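What follows is each chain in one-letter form.
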Amino acid sequence: MKEKATIRDVAAAAGVSAATVSYVLNGKKKVSEQTKNAVLDVIRQMEYVPDLNARGLSLKDTKLIGVVVPQTEPGSTLMFRNNFYSEILGSIEFHARQNGYHVLISATDVTEDYLNLIRERNLDGVIIIGTYQNEFLSQLKQLDVPVVLVDSYCKYDWFHAIRIDDEKSSYLATKYVLDAGHRRVALVSGILHENGVMKKRFSGYQNALADYGIPYRGEYLFEGNVDYDSGVNIAEQIAREKVDVTAVVAAADIFAIGLMKGFYEEGIRVPEDISVIGFDDLDISAYLTPGLTTIKQQISLKGERAVSMLVQNMADPHMAKVEEILPVRLVERASVKRMAPEKV
């Protein structure tokens, strides 16, 4: 195997110092065209590849962005089991690359270990998806690294943020079902953490019921991990326990897809026997039979804007805090049946 060339090998072959080779590579200091061309010729001939870690340590600029996704339980593979994460992570990686950055993805509990990782890898910035402990965010502030929060409702004035209005969006989904005549409406949600996205969507569901004069019933709330299997299992539970509902508001499309499969296995037809509305508008939602009525949020745009905010902040450390709320819209397909309004 051919031995990998070092920066010193390039410098010796070009008749310059290692520092001059570094200047040519990073453009931090002006080098004559003659010297620059000579160094680049040697780099091509020797097939030299810069050591990004060493370069980052010397420049305090690793061109590396950290992305943290939720780890809700030991061994969780949430980011592989929910297409929402595939889409937003793909968008973050693409737009980071377009700006000359690489991405380090961590599905982890955000503890002291992750703070150490930020220090050790000298990350230029961090994107955090979801809600995390206040203690971690306070410690993160001390590192003085640009941070963008995605889908978080924490009240930290020093972090940039991008999200949708989850409470209003969930209200819109529930209202659509109520306007279709349903009055016995269940909610399938992720675990309700304080200041979390799911708690906001739960509030939107409750508010819509209240506006229509419908009492909230605790037995109509089903919590689980935000994945397909939970949707299937909850559908089976609704069938087994003969829960008296005519419609289900799912707080994520991946839930709704599992629900539709579970109801099918139980001989319950959607929407003839029970209606289902989702949240996200994943690509697969249009391919189902029936097509899934859902709330569309711009997942890829979230990733794009998160990267844009981070890049701007890395270029301008004194940039004022930015908080951006993206719009949503309802996509009507065929999974909600219209019926004469029942009496409450």
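The structure contained in this document is the topic of the report that follows. (Residues numbered from 1 in each chain as written. Predicted model: local features only at pLDDT ≥ 70, side-chain atom pairs only at ≥ 80, totals over all residues. Heavy atoms only, no water.)

What follows concerns the pattern of salt bridges. Under the counting rule described, the total for this entry stands at 16 salt bridges. A salt bridge links arginine 184 to aspartate 244, with the shortest nitrogen-to-oxygen separation between them at 2.3 Å. Of this pair, arginine 184 sits in the loop between helix H9 (166-179) and strand E6 (185-189) while aspartate 244 sits in the loop between helix H11 (228-240) and strand E8 (247-250), placing them 60 residues apart in sequence. Given the relative accessible area of 22%, arginine 184 is considered partly exposed. For aspartate 244, a relative accessible area of 42% corresponds to the partly exposed category. In this structure, glutamate 332 engages arginine 338 in a salt bridge whose closest nitrogen and oxygen atoms are separated by 4.0 Å. Here glutamate 332 matches arginine 338 in class, with each residue exposed. Each of the salt bridges in this network shares a partner with another, and the network as a whole consists of Arg163, Lys321 and Glu323. (Salt bridge = Lys/Arg side-chain N within 4 Å of Asp/Glu carboxyl O. Helix = DSSP H or I, 4+ residues; strand = E, 2+ residues; numbered from the N terminus. Buried < 20%, exposed > 50% of the residue type's maximum accessible area, 1.4 Å probe, protein only.)

To continue, consider the packing of aromatic side chains. One pass over the full model with this rule turns up four aromatic pairs. Ring plane angle 85° and centroid distance 5.1 Å describe the contact between phenylalanine 84 and tyrosine 85, whose orientation is recorded as edge-to-face. Across the pair, exposure class does not vary: phenylalanine 84 and tyrosine 85 are buried alike. For the pair tryptophan 158 and phenylalanine 159, a centre-to-centre distance of 6.0 Å together with 80° between the ring planes defines the contact as edge-to-face. Judged by relative accessible area, phenylalanine 159 falls into the buried class, the value being 2%. Among the aromatic side chains, those forming a connected cluster through ring pairs are Phe202, Tyr205 and Tyr216. In this structure, lysine 141 packs its charged tip against the face of tryptophan 158, placed 5.7 Å from the ring centre. In this structure, arginine 201 is placed above the aromatic ring of phenylalanine 279, and the distance from its NZ or CZ to the ring centre is 3.8 Å. (Phe/Tyr/Trp six-rings, centres within 6.5 Å; stacked < 30°, edge-to-face > 60°. Lys NZ or Arg CZ within 6 Å of the ring centre and 35° of its normal.)

Glancing now at the packing of H9 against helix H10 (residues 197-211). It is the contact of H9 with H10, at a shortest axis distance of 7 Å, that shows an interaxial angle of 40°. Between H9 and H10, the interaxial angle falls into the category oblique. For the element pair H9 and H10, the recorded crossing hand is right-handed. Residues Asp166, Glu167, Ser170, Tyr171, Thr174, Lys175 and Leu178 of H9 lie in contact with H10, whose contacting residues are Val197, Lys200, Arg201, Ser203, Gly204, Tyr205, Asn207, Ala208, Leu209 and Asp211. Among the residues making up the contact of H9 with H10, the classes are represented as six nonpolar, five polar and six charged. (Axes fitted to C-alpha atoms, helices over the stretch in contact; angles between N-to-C directions. Parallel < 35°, antiparallel > 145°, perpendicular 65-115°, else oblique. Left-handed = near helix turned anticlockwise from the far one by under 90°. Contact = heavy atoms within 4.5 Å. Nonpolar A, V, L, I, M, F, W, Y, C, P; charged D, E, K, R; others polar.)

Our focus in this paragraph is the side chain of arginine 163. Along the chain, arginine 163 falls in strand E5 (residues 160-164). For arginine 163, a relative accessible area of 12% puts it in the buried group. Within the structure, the side chain of arginine 163 is placed 3.2 Å from the side chain of glutamate 323, a separation counted as a polar contact. Not counting residues within four places of it along the chain, the set of residues in contact with arginine 163 comprises Asp151, Ser152, Tyr153, Lys302, Glu323, Glu324, Ile325 and Leu326. (Polar contact = N/O pair within 3.5 Å; in protein donor to acceptor, adjacent residues only side chain to side chain.)

With that settled, the discussion passes to the sheet that holds E8. Taken together, the six strands give an open sheet; going across it, the order is E7-E6-E8-E9-E10-E12, and neighbouring strands pair in mixed fashion. Either end of the sheet is taken by a strand with one partner, and the two such strands are strand E7 (221-223) and strand E12 (328-331). Neighbour-to-neighbour, the strand axes of this sheet turn through a mean angle of 15°, independent of strand direction. Sheet topology note: the E6/E7 ladder contains three bridges and is parallel. Its bridge partner lying in E7, serine 189 is registered against glutamate 223. (Pairing = 2+ DSSP bridges.)

End to end, helix H3 (residues 33-46) covers 20 Å across 14 residues, agreeing with the expected 20 Å (1.5 Å per residue, within 8%). Among all positions in H3, only Val39, Val42 and Ile43 are buried. Take H3 and look down its axis: the buried residues cluster within an arc of 105°, on one side only. Along H3, exposed side chains directed more than 90 degrees from the buried face belong to Glu33, Gln34, Arg44 and Gln45. Downstream of H3 by a residue or two, glutamate 47 has a phi angle that is positive, lying close to 55°. (Expected span 1.5 Å × (residues − 1). Arc of directions from axis to C-beta.)

These figures come from the coordinates and say nothing about function on their own.
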